[in-house]
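# Structure assessment
Given next are the chains, with one letter for each unit.
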Amino acid sequence: MPKRLLPAESTVRRLLSRIDADTLDQAIGRWLADHRPSTTGPAGLRGLSVDGKTLRGAARAQDRKIHLLAAVEHTGGLVLTQLDVGERTNEITCFQPLLDTIADLAGLVVTSDAMHTQREHATYLLGHKAHYIAIVKHNQKNLRKQLKTLPRKEIPLLGRTKDIGHGRSEIRRTKVATVNNLLFPGARQAIQIKRFRTDRKTGRTAIKTVYTVTSLTADQAIPAQLAQLIRDHWNIEALKFPLQRGQRVVTLRGEVLRRQRPGFDWGDVPVDGVLAQVRAVVLDAPYARRDAVWIFRISATSSSY
């Protein structure tokens with residue numbers, strides 16, 4: 001039998017350069033969503049975190065940093081979809097296009113940081129029968145003022161948790177109030193989480209108060225469930241996206257090739273985004289590995305050039 005030969009580097013490069021990274025991302029996201037195990041968070045609520053990060057050590061042409069906006073499931077950390085946020089735009093304008101690539105948002109609880117606490121985003125989610133938990137900071141001054149003036153002393157403490165790790169302990173106290181007149185579309189509950197973070201070496205304690213609003217009613221989510229969803233979002237924020245691991249490896253490889261081939265601008269070839277997608281299927285979707293063994297061949301080939 002003839003010896004099986006791996007494709008040459010130039011063959012893999014030409015193949016990957018002809019694939020649209022965003023289209024591939026959407027196709028893989030839909031495929032992963034259809035094949036993922038049935039997982040839910042507290043009391044059957046499915047949390048989806050929208051978060052953006054700039055990749056360290058990775059850059060495109062003209063040394064532009066790669067900034068990704070991704071939608072990540074709380075349970076399992078599966079990236080359903082992501083977008084490369086371009087130089088001439090920002091995360092806010094990419095929020096709806098990102099979620100448009102998910103086939104069905106109904107019933108999902110979308111969490112995000114304060115940047116995405118936008119009335120347009122809330123209206124969009126409600127229109128797709130999804131829910132939101134939005135963190136309120138100074139970009140929504142009037143809403144934050146409303147939340148700070150609620151009679152918190154009259155609201156009983158409805159939750160308390162304590163975590164120890166990374167050289168510190170953290171106590172979180174949760175208060176929740178039912179509301180119907182906030183300056184935010186569909187807001188049904190206002191949440192205050194007071195965090196007491198103590199450095200175990202110095203003994204110093206930092207206190208931070210976080211205000212959030214949600215479209216979930218008291219019947220749909222109790223305070224403990226809301227606190228867990230918010231905590232899950234913070235956990236996602238603290239992690240790198242699964243796709244970032246592959247993205248960083250490939251873009252670093254592209255940087256090496258750019259230096260080796262000064263006459264060829266690898267910044268114009270979407271090898272990094274495309275290969276990041278196929279790597280992610282193998283690395284971060286265990287249930288998909290058996291059906292995606294062929295990806296190892298591409299990944300191994302491209303890693304060897």
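Residues numbered from 1 in each chain as written. Predicted model: local features only at pLDDT ≥ 70, side-chain atom pairs only at ≥ 80, totals over all residues. Heavy atoms only, no water.

As annotated in an unreviewed UniProt entry, the protein chain carries the name ISAs1 family transposase and comes from Streptomyces gibsoniae.

### A look at the overall build of the protein chain
When its secondary structure is counted, the protein chain shows nine helices and nine strands. Split into buried and exposed, the 305 residues of the protein chain put 49% on the buried side. Of the accessible surface of the protein chain, which amounts to about 16300 Å², a share of 52% is contributed by carbon and sulfur atoms. (Helix = DSSP H or I, 4+ residues; strand = E, 2+ residues; numbered from the N terminus. Buried < 20%, exposed > 50% of the residue type's maximum accessible area, 1.4 Å probe, protein only. Areas by Shrake-Rupley, 256 points an atom, 1.4 Å probe, with all protein chains shown as cover.)

### Here's the deal with helix H3 (residues 91-100)
Structural remark: α-helix, 3.6 residues per turn; residues separated by three or four positions point the same way. Those residues of H3 not exposed but buried are Glu 91, Cys 94, Phe 95, Leu 98 and Leu 99. In a view along the axis of H3, the buried residues occupy a sector of 130 degrees, so they form one face of it. At the N-terminal boundary of H3, the capping side chain belongs to Asn 90, with an oxygen 3.0 Å from the backbone nitrogen of Ile 92. (Arc of directions from axis to C-beta. Polar contact = N/O pair within 3.5 Å; in protein donor to acceptor, adjacent residues only side chain to side chain.)

### What about the confidence of the model for the protein chain?
Any segment with low pLDDT has predicted coordinates that should not be analysed in fine detail. Of all residues in the protein chain, 67% attain a pLDDT of 70 or more, and the chain-wide mean is 77. Per-element mean pLDDT across the protein chain ranges from 36 in helix H7 (residues 242-260) up to 98 in helix H4 (residues 119-127). Here residues 241-270 scores under 50 on pLDDT; set against residues more than four positions off or in separate chains, the count is 74 contacts. Taken as a whole, residues 289-305 scores under 50 in pLDDT and shows 27 contacts with residues more than four places along the chain or in a different chain. (pLDDT = per-residue confidence, 0-100. Contact = heavy atoms within 4.5 Å.)

### With respect to H4
Along H4, the residues that are buried comprise His 121, Ala 122, Tyr 124 and Leu 125. Along the long axis of H4, the arc covered by the buried residues comes to 160 degrees, so they all point the same way. Exposed residues on H4 whose side chains face more than 90 degrees from its buried face are Glu 120 and Gly 127. Tucked into the core, H4 has its buried residues touching H3, strand E4 (108-112) and strand E5 (131-136). Among the residues trailing H4, Lys 129 stands out with phi positive, at a value near 60 degrees.

### Remarks on unusual backbone geometry
The phi dihedral of Lys 129 falls on the positive side, at around 60 degrees, and the residue is not glycine. Examined against the element boundaries, Lys 129 turns out to sit in the loop between H4 and E5. Non-glycine residue His 166 carries a positive phi angle of around 55 degrees. Examined against the element boundaries, His 166 turns out to sit in the loop between strand E6 (159-165) and strand E7 (168-178). The class of His 166 is exposed, set by a relative accessible area of 81%.

### With respect to the pattern of salt bridges
Within this structure, the stated rule accounts for seven salt bridges. With a closest N to O distance of 3.1 Å, Arg 46 and Glu 73 form a salt bridge. Of this pair, Arg 46 sits in strand E1 (residues 46-59) while Glu 73 sits in strand E2 (residues 65-73), and the two are 27 residues apart along the sequence. For Arg 46, a relative accessible area of 25% corresponds to the partly exposed category. Close ionic contact of Arg 195 with Glu 170 constitutes a salt bridge, the shortest N to O distance being 3.6 Å. With Arg 195 in strand E8 (residues 189-199) and Glu 170 in strand E7, the pair connects residues that are 25 residues apart, well separated along the chain. We note that Arg 195, like Glu 170, is buried. Each of Asp 163, Glu 170, Arg 172, Arg 195, Arg 197 and Arg 231 takes part in salt bridges that share partners, so that together they form one network. (Salt bridge = Lys/Arg side-chain N within 4 Å of Asp/Glu carboxyl O.)

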